[in-house]
Amino acid sequence: MEHITHPFSELFEQLGLDASHEGIEHFLSSHRLPPEVELVEAPFWSKSQSAFLKEGLQDDSDWAEVIDQLNVSLR
């Protein structure tokens, strides 16, 4: 089975966010998560965004690696 790696910008597109380099930088600089808050529980996600992230991690989908990268970037 082929392993698919999604670029960071594609995750932003999937979440309905600005996927431009500037848009990603702005999002990451204006959203921070304290260590005790789970990524999927962040207050800035919509229900559908949170569900997508949760499902991607639980199912260890093709998105899991880039979702982990997002989690680290928000800390």
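Keep in mind the model is a prediction, meaning the values are calculated, not measured.

Peer 1: Give me the environment of K47: which residues, what numbers.
Peer 2: As for its placement among the helices and strands, K47 is situated in helix α3 (residues 47-58). Its relative accessible area of 78% is what places K47 among the exposed residues. Placed 14 residues apart in sequence, K47 and L33 show a C-alpha to C-alpha distance of 17 Å.

Peer 1: Go over the environment of S20 with me, naming the residues and quoting the values.
Peer 2: Along the polypeptide, S20 turns up in the loop between α1 (8-14) and α2 (21-30). Residue class for S20 comes out partly exposed when judged on its relative accessible area of 28%. Remark: the alpha-carbon pair of S20 and E10, spanning ten residues in sequence, is separated by 9.8 Å. A polar contact is formed between the side chain of S20 and the backbone nitrogen of G23, at a distance of 2.9 Å.

Peer 1: Provide a residue-level description of α3, including the pertinent values.
Peer 2: Taking 1.5 Å per residue, twelve residues should reach 16 Å; α3 reaches 16 Å between its end C-alpha atoms and fits that length. Residues of α3 that are buried make contact with α1 and α4 (64-73).

Reading the values: rules and limits
- Residues numbered from 1 in each chain as written.
- Predicted model: local features only at pLDDT ≥ 70, side-chain atom pairs only at ≥ 80, totals over all residues.
- Heavy atoms only, no water.
- Helix = DSSP H or I, 4+ residues; strand = E, 2+ residues; numbered from the N terminus.
- Buried < 20%, exposed > 50% of the residue type's maximum accessible area, 1.4 Å probe, protein only.
- Polar contact = N/O pair within 3.5 Å; in protein donor to acceptor, adjacent residues only side chain to side chain.
- Expected span 1.5 Å × (residues − 1).
- Contact = heavy atoms within 4.5 Å.

By themselves, these figures tell us nothing about what the structure is for.
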